[in-house]
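Spelled out from the first residue to the last, the chains are:
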Amino acid sequence: MTKQALIAGGGIGGLAAALAVARAGWVVRLYERAPLFSEVGAGIQLGPNVVKVLHGWGLAGALADVAAFPHQLEVRSALSGESLARLPLGEAMVQRYGAAYATVHRADLHGLLLNAVQQADVSLKLNHTLSQFTQTADAVTVQTADGAVIEGDVLVGADGLWSPVRQWLLGDGQPRATSHLAYRALVRQADLPEALRSSQVTAWLGPQLHVVQYPVRGGDWLNVVGIVEGKSGDALDGWDHGTDAAGLRAALAGTCSPLQDLVHAINHWRLWALCDRPPMQGAHQQALGRVALLGDAAHPMLPYLAQGAGMAIEDAAELGRVLVQALDPALDVPTMLNRYALNRWERNARVQARAIRNGEIFHADGVVRWGRDASLKLLGERLLDVPWLYGGP
Ligand SMILES: Cc1cc2nc3c(=O)[nH]c(=O)nc-3n(C[C@H](O)[C@H](O)[C@H](O)COP(=O)(O)OP(=O)(O)OC[C@H]3O[C@@H](n4cnc5c(N)ncnc54)[C@H](O)[C@@H]3O)c2cc1C
């Protein structure tokens, strides 16, 4: 018998879920409140665990057309510029984990997922804000802001950091503001002086700040993200603000000249206030009854492990795996969603916790910074590699 999935949100997580669930043989209707499908102008890193999922969906070619595949990650001191550690990426990741480490423009990743979703015959509704839902033992019903009532067998809340679906399901309040601010920029490599162009991932670590840079769009563009610790009153209400990066430049006073040169060479920046939630506490935070949470709706995290969208994509793959089984009349939908939750929540919690820890290590000062740098120089690759993560769930 045909089963119907309703998805709230058309970001990377919602599109990935729509693709996986449609491929599982379900009829999928996706509702996005915005008038257009779009992503912010910034980059995103995808570990081999995520690239492998995309390959499994037949998107290897589409990804290769738009991504860059950096040959290494290098960690440098933001203060002295010294190289502290290196992790080979590229072919080394393929050998170790079965897929490369990719860096991609978010709009390109979003676009290739959207294209695949359109080919999978998913019904896509823009300008549709889901305003509430109810669930019974047999169905879930959502209402749109204009009063339409839609029934399905499953509701997937892929509606992001401020997820209304999460609030209806769990009622556990808003995400926490961290006072960490992210300055993001994309610049054409050809517009940078040659010494500032780069084909690798570089992380610059400094007291209360770090900067990450990597190529996107086949290496033609460079993505730069600078994170600084603001004061608690700095938390911005919204999400994406234009800025001249004066705050970032001020925070970088005293750092090495290659880093300052890079930041000064870029004029257009966007500013984000970073929010997260504490690591997940249990499976009930990932699914209850006929409602599943996915991506930032379930486990918003600091971007210090570069895996927020990655975990959304892994969630989507697992959702597809359990929902294909839920087509069997002997297996009921809530039981299968519970299996999805059980299979996902601990890994998501571990990634959230590691992202928080990374923030403390990246931004360390004093004796902790000294110890961090000494360990990186001694153990380098062993500290930077994350086998439990990159090897996949
Ligand atoms: C500075 C920074 C750097 C990052 N770097 C990385 C990285 O390198 N690698 C990585 O994997 N992750 C990274 N992330 C995390 C990643 O961006 C997020 O985890 C990911 O985009 C979340 O996707 P999502 O689909 O869950 O949510 P979103 O992208 O927020 O999508 C939610 C969608 O739901 C829609 N919506 C909301 N409410 C409703 C409603 N009521 N009805 C209908 N639609 C609704 C919204 O309009 C939106 O389109 C980074 C994040 C930041 C801030």
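None of these values were measured; they are calculated from a predicted model.

A short note on the sheet that holds strand β9 (residues 140-144)
Reasoning step 1: Taken together, 3 strands build an open sheet; the order of strands is β8-β9-β10 and the sheet is antiparallel. With one partner strand each, in any of the chains shown, β8 (130-135) and β10 (149-152) form the two edges of the open sheet. In this sheet, adjacent strand axes meet at a mean angle of 25 degrees when their direction is disregarded.
Reasoning step 2: Here β9 runs beside β10; their pairing, made up of 4 bridges, is antiparallel. Residue pairing for β10: Val140 is matched across the bridge by Gly152.

Some remarks on the site of the ligand
Reasoning step 1: Near the ligand you find 35 residues, and of these Gly9, Gly11, Gly160, Gly295 and Gly308 are the closest.
Reasoning step 2: Only α1 (12-23), β3 (43-46), β12 (176-188), β17 (269-276) and α9 (308-325) provide two or more residues apiece to the shell around the ligand.
Reasoning step 3: If you tally residues by element for the shell around the ligand, the top one is α9, at 4 residues.
Reasoning step 4: Class assignment for the residues of the shell around the ligand results in 18 nonpolar, 12 polar and 5 charged.
Reasoning step 5: Counting contributing residues, the shell around the ligand receives three or more from each of domain 1 (4-36 + 126-174 + 278-357) and domain 2 (40-107 + 176-276 + 363-393).

Quick notes on the pairing of strand β13 (residues 201-206)
Reasoning step 1: With respect to burial, β13 is a largely interior element, 6 of its 6 residues being buried.
Reasoning step 2: Burial along β13 is two-sided: the residues Val201, Ala203 and Leu205 and Thr202, Trp204 and Gly206 are all buried.
Reasoning step 3: As paired elements, strand β4 (residues 72-77) and β13 share 5 bridges and run parallel to each other. Bridge pairing links Arg76 to Trp204 in β13.
Reasoning step 4: Here 5 bridges tie β13 to strand β14 (residues 209-216), and the two strands are oriented antiparallel to one another. Note on β14: the bridge partner recorded for Gly206 is Leu209.
Reasoning step 5: The hairpin formed by β13 and β14 contains 2 residues between the paired strands, and Gln208 there has a positive phi angle of roughly 60 degrees.

Examining the environment of Ala85
Reasoning step 1: As for its placement among the helices and strands, Ala85 is situated in strand β5 (residues 83-88).
Reasoning step 2: Here the alpha-carbon distance between Ala85 and Leu376, two residues 291 residues apart in the chain, equals 5.6 Å.
Reasoning step 3: If sequence neighbours within four positions are ignored, Ala85 has contacts with Val75, Leu376, Lys377, Gly380, Glu381, Leu383 and Leu384.

Focus: helix α8 (residues 257-264)
Reasoning step 1: Considered for burial, the residues of α8 that qualify are Leu259, Leu262 and Val263. An end-on view of α8 places all buried positions within 95 degrees of arc, on one side of the element.
Reasoning step 2: Residues of α8 that are buried in the fold lie against β13, β14, β15 (221-229) and α7 (246-251).

Conventions adopted
- Residues numbered from 1 in each chain as written.
- Predicted model: local features only at pLDDT ≥ 70, side-chain atom pairs only at ≥ 80, totals over all residues.
- Pairing = 2+ DSSP bridges.
- Helix = DSSP H or I, 4+ residues; strand = E, 2+ residues; numbered from the N terminus.
- Axes fitted to C-alpha atoms, helices over the stretch in contact; angles between N-to-C directions.
- Near = placed C-beta within 6 Å.
- Nonpolar A, V, L, I, M, F, W, Y, C, P; charged D, E, K, R; others polar.
- Domains from an automatic or database assignment.
- Buried ≥ 20, exposed ≤ 12 C-beta atoms within 10 Å, placed from the backbone.
- Contact = placed C-beta atoms within 7 Å.
- Arc of directions from axis to C-beta.

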